[in-house]
Amino acid sequence: MSTKRSLDTICIQGGWEPKNGEPRQLPIYQSTTFKYTTSEQMGRLFDLEENGYFYTRLANPTSDAVAAKICELEGGVGAMLTSSGQAANFYAVLNICQAGDHIVASSAIYGGSTNLFTVTFPKMGVECTLVSPDSTEEELNAAFKSNTKVLFAESIANPALTVLDFEKFAKVAHEHGVPLIVDNTFATPINCRPFEWGADIVTHSTTKYMDGHASCVGGCIVDSGNFDWEAHHDRFTGLTEPDESYHGIVYTERFGKMAYIMKATAQLMRDLGSIPSPQNSFLLNLGLETLHLRMPRHCESALKIAAYLQSREDVEWVRYPGLPGDKYYQVAQKYMPGGTCGVISFGLKGGREAAAEFMDKLKLCSIETHVADSRTAVLHPASHTHRQLTNEQLVEAGVDPSMIRFSVGLESADDIIEDIRQALED
Ligand SMILES: *Cc1c(COP(=O)(O)O)cnc(C)c1O
C-alpha cells in the first residue's frame, strides 16, 4: 500500500482490492491447485523466479489477501497465515533456529508456548532459557549465550496480564544481534503495534480477537523487514547462505527485506504444511472487518467490570492492565494508550471453593477454556487447566488458587455486572 491508511480503513478494505467487475467481497478460492498453459511457466514458479499460485500448501489467494490485511495492520513487509497460533510461534522461531541453538523467552507467556519452548524444542536440540518479564537489562543480558538466536515475549501475556516493556527487550535483543519476536495476540494491532517499538517479527493466534467469534483456529506471522540478517551473516546462515532445497538461492540476496517471511513460506510451509483452509481464512477476514469496532468495546467494558470488582468487599484482588493502580498500568499507558484487552483476572476472598461456587451461579457468562471472543467466558485455572495441582503446587507454578480468568465479551457491560452481582450475592 503506497499511501498510509488508518487502521479502521485497513480492517475493512485491506488485502483484497478487486479490479473492475470482480467480486466486492473476498472470494473463497477453495482449490488445491492452479492451472497453467506452458510447462516452462510452471517451472519458473518452482524456481521462485516468478510469482504465482500453484499449490495451496504454498500459497492461496484467499489466505494471502487476509495475510496482506494483517501485514498492513501491523505495518510489516510480508505475512503468512498458519493453521493455528501454535504453528505461527513454532515456525517463527524454527525459521531462524536449528539443533544446537538457544532462545530466550519471557516466562509470562501462553502455556502452549511454554510447552513448545521448554519441552518440544529441547527434543529437537533447541534449548530455552525463561526470564521474568520484569527482568532488568542486566538480568536479560545474563540469559544470552553465544548461540542465542531469538528473544521472545508477549505484548500482553495470556493469562498473566503482564505488559511488555518493548523498548527494554528490543534494546537487549539488538545488542546481542538477535531479533525480538512478539506475540501480539491479546493487544492486537488496534491497541499496539510492536514494530513501532523495536520488535522485528510479530505473531498472532488469530483464534482470539482477530476472528473474534470463536469460529476458527488460526495464526499469523508478520515480518517488519527491519532486522539486518546480513549484518549477522554467520548467526543466520539459513537466510544468508544457499538453500540447497531451492537450487541454492540465498534468501537475503533474492528477497532483501522479505527474506525471513519468504523463507518461512517457501521452505517451512512447504516442508511442514500447517496451512489454514481458504474457508477459515474467509471467516477470519469477516472477523477482521470489525476488529477496530470490537476492541474498544472489549476494553471499555473490561475497565468498567474491573472497577466494579475492585469496589466489592468479597473480591480479594483484581488484575487488569487498563485499571489505574495496576502494576502494569504505566507501561500499558505508554505502549497501548488506547486500550489493552478484554481479559481480567481476579480472586475472591473465599479462594478456590468460592471461585467454583461463583462460576456455577453465573447465568450470562459461560464456563469455557476460550478467551477473547464476543461472548463473555470465565475459567478457573485451579479447577480446569491446572486441576491436577495442589494449592502449594499452584502457587509454585505462579497460578493463584483463587484466580478467575474473566474474558469480557461484547454483551452489555451492565448485564455482565448484574450477572456477577447475582452470582456473588444470591
Ligand atoms: C491462544 C494463544 C496461542 C495459541 O494459539 P492457538 O490458535 O490456540 O493455536 C498463542 N499465543 C497466545 C498469546 C494465545 O493466547
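Worth saying up front: this structure is predicted, and the values here are computed from it rather than measured.

Peer 1: I would appreciate a short explanation of the site of the ligand in the present structure.
Peer 2: Around the ligand sit 15 residues in total, of which Asn158, Asp183, Ser205, Thr207 and Lys208 are the nearest. Asp183 is positioned such that a nitrogen or oxygen atom in its side chain is 2.7 Å from a nitrogen atom of the ligand. Contacts to the ligand include Lys208, whose side-chain N or O atom sits 2.6 Å from an oxygen atom. Its free accessible area being 380 Å², the ligand has 92% of it covered by the protein chains. No other element matches helix H4 (residues 85–94), which puts three residues into the shell around the ligand. Looking at the shell around the ligand residue by residue, the classes come out as three nonpolar, nine polar and three charged.

Peer 1: Just to check I follow, could you spell out unusual backbone geometry for this structure?
Peer 2: In most cases, non-glycine residues show a negative phi, while peptide bonds are predominantly trans. The omega torsion across Asn158 and Pro159 is 5°, close enough to zero to call that bond cis. With respect to the helices and strands, Pro159 occurs in the loop between strand S4 (148–154) and helix H7 (166–175). The backbone of Leu161 shows a phi angle near 60°, a positive value even though the residue is not glycine. According to the relative accessible area criterion, Leu161 is buried, its value standing at 0%. Unlike most non-glycine residues, Ala372 shows phi in positive territory, near 65°.

Peer 1: How should the packing of H4 against helix H5 (residues 111–123) be read in this particular structure?
Peer 2: Packed helices, taken two at a time, are described by their axes: the angle between them and the distance between them. Where H4 contacts H5, the axes come no closer than 10 Å and their chain directions differ by 45°. When the interaxial angle is binned, H4 and H5 end up oblique. Between H4 and H5 lies a crossing whose hand is right-handed. Between H4 and H5, the residues in contact are Gln86, Asn89, Phe90, Val93 and Leu94 and Gly112, Ser113, Leu116, Phe117 and Phe121, respectively.

Peer 1: What is the right way to look at the pattern of salt bridges in this model?
Peer 2: Side chains that carry opposite charge are capable of pairing whenever their charged atoms lie near each other. Applying the stated rule across the entire model yields 17 salt bridges. Glu72 is the partner of Arg5 in a salt bridge, and the nearest nitrogen-oxygen pair spans 3.0 Å. Within this pair, whereas Arg5 is found in the segment before helix H1 (7–13), its partner Glu72 is found in helix H3 (residues 61–74), the two being separated by 67 residues in sequence. Assessed through its relative accessible area of 16%, Glu72 is described here as buried. Salt bridges sharing common partners tie together Arg312, Asp314, Glu418, Arg421, Glu425 and Asp426.

Peer 1: What is the right way to read the UniProt feature "modified residue: N6-(pyridoxal phosphate)lysine" (unreviewed entry) in the protein from this model?
Peer 2: In the numbering used here, UniProt assigns the "modified residue: N6-(pyridoxal phosphate)lysine" (unreviewed entry) feature to Lys208. Take Lys208: it is sitting in the loop between strand S6 (201–205) and strand S7 (219–223). Filtering out sequence-adjacent residues up to four positions away, Lys208 remains in contact with Asn158, Thr185, His370, Val371 and Ala372.

The rules behind each value
Residues numbered from 1 in each chain as written. Predicted model: local features only at pLDDT ≥ 70, side-chain atom pairs only at ≥ 80, totals over all residues. Heavy atoms only, no water. Near = heavy atom within 4 Å. Polar contact = N/O pair within 3.5 Å; in protein donor to acceptor, adjacent residues only side chain to side chain. Areas by Shrake-Rupley, 256 points an atom, 1.4 Å probe, with all protein chains shown as cover. Helix = DSSP H or I, 4+ residues; strand = E, 2+ residues; numbered from the N terminus. Nonpolar A, V, L, I, M, F, W, Y, C, P; charged D, E, K, R; others polar. Buried < 20%, exposed > 50% of the residue type's maximum accessible area, 1.4 Å probe, protein only. Axes fitted to C-alpha atoms, helices over the stretch in contact; angles between N-to-C directions. Parallel < 35°, antiparallel > 145°, perpendicular 65-115°, else oblique. Left-handed = near helix turned anticlockwise from the far one by under 90°. Contact = heavy atoms within 4.5 Å. Salt bridge = Lys/Arg side-chain N within 4 Å of Asp/Glu carboxyl O. UniProt positions renumbered as here; feature names shortened; annotations may be inferred.

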